Amino acid sequence: MKHVTAAASLAALLCSCSAPKVALQATYGELKPDGDLGYATTSGGVSGSTSTSDLAIDDSEAMPGARADLKWGAPHLTLSTQASSWDGRGTLAADFGGISASTAVDTSLDLALHRGVLTFDVLPTENFELGLGLGVTVADVEASVNDVGGNVTESADEVLPIPVLAVRGGARFGGLHVEALVSGMTINYDGDDATYLEADLQAGLDLFGAAGALSGGVVAGYRYIALDVEYDDATESADLDLTFNGPYLGLSLSF
């Protein structure tokens, strides 16, 4: 949370000095999950995990998202949010809480990502951008498993604010602009481990207006997200090793 407070304070200071360039995006994209989930209702670690394919939650699902970029010369702040959900019926390869391995289950996996990244341009040119910075990603993950024909439901639910380091590269050629924003970090807190990595590659084309003034257009991109979480407390433990990836399309408005 210290990273969030620092970024917010700096953004407020910059706003008081000059009006930023603002770019807003509404996107609609697919994410496909892959990886393993393990959960136990006791401390001491999980005994095994089950893959997303075994649980039949490995299909791509499309959901809306939103992004806002504010730029004051060298500083560039990106805020984004997206939530996705998957459902499927499969078979557990390992115990999941109080549900035994080899049990047929209905599974729901929900993922919400809220990101704030502030980078500073170290390549101060009009058409190219290379920035380094920091930020925070809040990952809200919930896996709910229910045995088919029974009445036992187990849920692994974790909200993780993860501080990240970030690098941004971009270029503009007339109305065409491209950007790569990569952020990630490995952290350990109270004996729990979390690793987060996100790569967001995007290209956009202005359909009206001009750069530096009111303009609008379309964007297309691809996101890759890796989330590895291990936590263990007095009442439960979980091991989530997941990746998500997929393309997206959107509309943009800049002023």
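Okay, so let's go over this structure. Small disclaimer: the values here were computed from a predicted structure and weren't measured.

Overview of the overall build of the protein chain
Working step 1: Regarding its fold elements, the protein chain presents 1 helix and 11 strands.
Working step 2: For the protein chain, the succession of helices and strands along the chain, N to C, is α-β-β-β-β-β-β-β-β-β-β-β.
Working step 3: Per-residue burial over the protein chain gives 44% buried out of 255 residues.
Working step 4: Sequence-distant contacts in the protein chain: of pairs separated by 6 or more residues, those separated by 24 or more amount to 65%.
Working step 5: Of the accessible surface of the protein chain, which amounts to about 11800 Å², a share of 61% is contributed by carbon and sulfur atoms.
Working step 6: Placing the 10 positive and 35 negative side-chain charges of the protein chain at their respective mean positions leaves the two points 16 Å apart.

Some thoughts on unusual backbone geometry
Working step 1: Despite not being glycine, Ala56 has its phi angle at roughly 60°, a positive value.
Working step 2: With respect to the secondary-structure elements, Ala56 resides in the loop between strand S2 (50-51) and strand S3 (61-71).

Points about the nonpolar core
Working step 1: Leu37, Leu109, Ile162 and Phe244 are the most contacted members of the largest nonpolar core, which has 32 residues in total.
Working step 2: For this core, the secondary structure elements donating two or more residues are strand S1 (21-40), strand S5 (104-121), strand S6 (128-147), strand S7 (153-173), strand S9 (192-209), strand S10 (215-232) and strand S11 (237-254).
Working step 3: The contact partners of Phe244, leaving out residues within four places of it in the chain, are Leu31, Lys32, Pro33, Trp86, Leu109, Leu111, Arg223, Tyr224 and Ile225.

Looking at the pairing of S9
Working step 1: With 14 bridges connecting them, strand S8 (residues 176-189) and S9 associate as antiparallel partners. Each residue of the ladder has a partner; that of Tyr189, found in S9, is Asp192.
Working step 2: Between S8 and the antiparallel strand that follows it, S9, lie 2 residues; Asp190 among them carries a positive phi value of about 55°.
Working step 3: Where S9 meets S10, 16 bridges bridge the pair, whose relative direction is antiparallel. Directly across from Leu205, in S10, lies its bridge partner Val218.

Points about the pairing of S6
Working step 1: Pairing analysis gives 17 bridges linking S5 to S6, with the strands arranged antiparallel. The residue bridging His114 from the neighbouring strand is Val138, located in S6.
Working step 2: Joining the antiparallel neighbours S5 and S6 is a turn of 6 residues.
Working step 3: Strand direction decides the pairing type here: S6 and S7, joined by 19 bridges, are antiparallel.

Thoughts on the pattern of salt bridges
Working step 1: Counted under the stated rule, the structure contains 11 salt bridges.
Working step 2: Taking the shortest distance from any N to any O, the salt bridge between Glu129 and Arg168 comes out at 3.8 Å. Residue Glu129 is found in strand S6, and its partner Arg168 is found in strand S7; the two are separated by 39 residues along the sequence. Of the two residues, Glu129 and Arg168, both sit in the buried class.

Points about the side chain of Asp192
Working step 1: With respect to the helices and strands, the residue Asp192 is situated in strand S9.
Working step 2: Only 3.0 Å separates the side chain of Asp192 from the backbone nitrogen of Asp232, close enough to count as a polar contact.
Working step 3: Among all residues touching Asp192, those that are not within four sequence positions of it are Ile187, Glu230, Tyr231 and Asp232.

Reading the values: rules and limits
- Here the residue numbering is sequential within each chain, running from 1 through the sequence in written order.
- Restriction of local features to residues with pLDDT of at least 70 applies here, the model being predicted, together with a cutoff of 80 or more for giving and counting side-chain atom pairs; totals for whole chains, interfaces and linings are based on all residues.
- By convention in this description, side-chain values take in all heavy atoms of the structure and omit both hydrogens and water.
- Note on conventions: DSSP H or I runs of at least 4 residues are helices, E runs of at least 2 residues are strands, and numbering of each starts at the N terminus.
- Partly exposed residues are those whose accessible area sits between 20% and 50% of the maximum for their type, while under 20% is buried and over 50% is exposed, using a 1.4 Å probe and protein chains only.
- What makes two residues a contact is simply this: any of their non-hydrogen atoms within 4.5 Å.
- The Shrake-Rupley method, run with a 1.4 Å probe, gives the accessible areas here. Residue values count only the displayed protein chains as cover.
- Only four residue types enter the charge count, namely Lys and Arg as positive and Asp and Glu as negative; His and the chain termini do not.
- Charged groups are reduced to one reference atom each: NZ for lysine, CZ for arginine, CG for aspartic acid, CD for glutamic acid.
- What we call a nonpolar core is a set of buried Ala, Val, Leu, Ile, Met, Phe, Trp, Tyr and Cys residues that are connected through their side-chain atoms within 4.5 Å.
- The pairing criterion is simple: DSSP has to find at least two bridges between the two strands.
- For this document, the term salt bridge refers to a Lys or Arg side-chain nitrogen within 4 Å of an Asp or Glu carboxyl oxygen.
- For the purposes of these results, a polar contact is taken to be a pair of N or O atoms within 3.5 Å, where, inside protein, one atom must be able to donate a hydrogen and its partner to accept one; residues adjacent in sequence count only when each atom of the pair is a side-chain atom.

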